[in-house]
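Geometric and topological summary
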Amino acid sequence: MKFFVDTADVAEIADLAATGLLDGVTTNPSLVAKAGRDFKTIIREICALVPGPVSAEVAALDYEGMITEGRTLAKIAKNVTVKLPLTWEGLKACKTLTGEGTMVNVTLCFSANQALLAAKAGATFVSPFIGRLDDQGLEGMELISEIRTIYDNYETLSTQILAASIRTVNHVKQAAMIGADVSTVPPAILKALVKHPLTDKGIETFMADWKKTGQKI
Ligand code: G3P
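The structure contained in this document is the topic of the report that follows. (Residues numbered from 1 in each chain as written. Predicted model: local features only at pLDDT ≥ 70, side-chain atom pairs only at ≥ 80, totals over all residues. Heavy atoms only, no water.)

A few points about unusual backbone geometry
Of note, the phi angle at Leu108 is positive, near 65°, even though the residue is not glycine. Mapped onto the elements of the fold, Leu108 is located in strand β5 (residues 103-109). Taking relative accessible area as the criterion, Leu108 reaches 33% and is therefore assigned partly exposed. Notably, Ser165 is not glycine yet its phi reads approximately 55°, a positive angle. With respect to the helices and strands, Ser165 occurs in the loop between β7 (160-163) and α9 (169-178). (Helix = DSSP H or I, 4+ residues; strand = E, 2+ residues; numbered from the N terminus. Buried < 20%, exposed > 50% of the residue type's maximum accessible area, 1.4 Å probe, protein only.)

Take a look at the structure:
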């Protein structure tokens, strides 16, 4: 499974990119607003830091507007992935932009049928939102499972499942067990994946015992 980080904070991305474990980045209008900086500058900087796909979301809701904005964003760097909402206009724009060789991430996916449409429109990625379904008292992870089953039923559907709205380390584990192609994870959750109290305790014990040997490597 690929790991993307879900943030528009360039400093955080630089930090995580240094691990060599970052396969891409996703942003959205809320994350850009939180960063409080110029959108296109942010995307340019992220694309220079991370060679993998970098999702940049359009603000237009109509087909023509999405195409204009999508083409503008795609020109920033080769690894820009244009993020489009899961609407008929978005799907139509997805078909056009993918036909031009631009990577597209169809976002705000909340049903398996929506994911089926995104794949038929040629999306590079579809983003089912796990946490926001959980917020409604539903089981977000079931959606990942349904989409995996559907995509695996048809060889012609090559869209990658990008598990989004991930809120916990358990979400990451479950998405990986189901076979999501990508998880996009907030920086804090990504950093928490490495943590285990027994790892810390083990290091402590080994270091104390090593000190007793008086040796150096
Ligand atoms: O980038 C889309 C998604 O990951 C948003 O997550 O936590 O705002 O539902 P969240």
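Looking at the site of the ligand
Near the ligand the following residues occur: Asp6, Asn28, Lys83, Phe129, Arg132, Ala164, Ser165 and Arg167. At 3.0 Å from an oxygen atom of the ligand is found a side-chain nitrogen or oxygen belonging to Asn28. Here Ser165 contributes a side-chain N or O atom positioned 2.7 Å from an oxygen atom of the ligand. With the chains in place, 83% of the 310 Å² that the ligand exposes on its own is no longer accessible. Taken together, the residues that form the shell around the ligand break down as two nonpolar, two polar and four charged. (Near = heavy atom within 4 Å. Polar contact = N/O pair within 3.5 Å; in protein donor to acceptor, adjacent residues only side chain to side chain. Areas by Shrake-Rupley, 256 points an atom, 1.4 Å probe, with all protein chains shown as cover. Nonpolar A, V, L, I, M, F, W, Y, C, P; charged D, E, K, R; others polar.)

Observations regarding the nonpolar core
Of all hydrophobic cores here, the largest spans 60 residues; its most connected members are Val80, Leu84 and Tyr151. If you tally residues by element for this core, the top one is helix α8 (residues 140-153), at six residues. If sequence neighbours within four positions are ignored, Tyr151 has contacts with Ala115, Leu116, Ala119, Val126, Leu157, Thr159 and Ile161. (Core = buried A, V, L, I, M, F, W, Y, C linked by side-chain atoms within 4.5 Å. Contact = heavy atoms within 4.5 Å.)

Focus: the packing of helix α4 (residues 63-74) against helix α5 (residues 88-99)
Following both chains from N to C, one finds α4 and α5 inclined at 40°, their axes separated by 9 Å at the closest point. When the axis of α4 is compared with that of α5, the two are oblique. In this structure, α4 meets α5 at a crossing whose hand is right-handed. On α5, the residues that touch Tyr63, Met66, Ile67, Gly70 and Arg71 of α4 are Glu89, Gly90, Lys92, Ala93, Thr96 and Leu97. The residue inventory of the contact of α4 with α5, partitioned by class, reads five nonpolar, three polar and three charged. (Axes fitted to C-alpha atoms, helices over the stretch in contact; angles between N-to-C directions. Parallel < 35°, antiparallel > 145°, perpendicular 65-115°, else oblique. Left-handed = near helix turned anticlockwise from the far one by under 90°.)

Details of the packing of aromatic side chains
Enumeration over the complete set of coordinates arrives at two aromatic pairs. Judged by centre distance (5.7 Å) and plane angle (75°), the rings of Phe4 and Phe125 are edge-to-face. Placement of the pair is Phe4 in strand β1 (residues 2-6) and Phe125 in strand β6 (residues 125-128), with a sequence separation of 121 residues. Of the residues examined, Phe4 reaches a relative accessible area of 0% and is grouped as buried. Aromatic pair Phe110 and Phe129: ring centres 5.6 Å apart, planes at 65°, arrangement edge-to-face. Placement of Phe110 in the loop between β5 and α6 (112-120) and of Phe129 in the loop between β6 and α7 (130-135) is noted, with a sequence separation of 19 residues between them. Between the NZ or CZ atom of Lys92 and the centre of the ring of Tyr63, over which it lies, the distance is 4.4 Å. (Phe/Tyr/Trp six-rings, centres within 6.5 Å; stacked < 30°, edge-to-face > 60°. Lys NZ or Arg CZ within 6 Å of the ring centre and 35° of its normal.)

What about the pairing of β6?
Residues of β6 alternate between two faces, with Phe125 and Ser127 on one and Val126 and Pro128 on the opposite face, all of them buried. Pairing of β5 with β6 involves three bridges; the strand directions are parallel. Paired with Val106 across the two strands is Val126, which belongs to β6. Running through α6, the crossover from β5 to the neighbouring parallel element β6 is right-handed. In this sheet, β7 lies alongside β6 in parallel orientation, the contact comprising two bridges. For Phe125, the partnering residue across the bridge sits in β7 and is Gln160. (Pairing = 2+ DSSP bridges. Right-handed = clockwise from strand over helix to strand, strands pointing away.)

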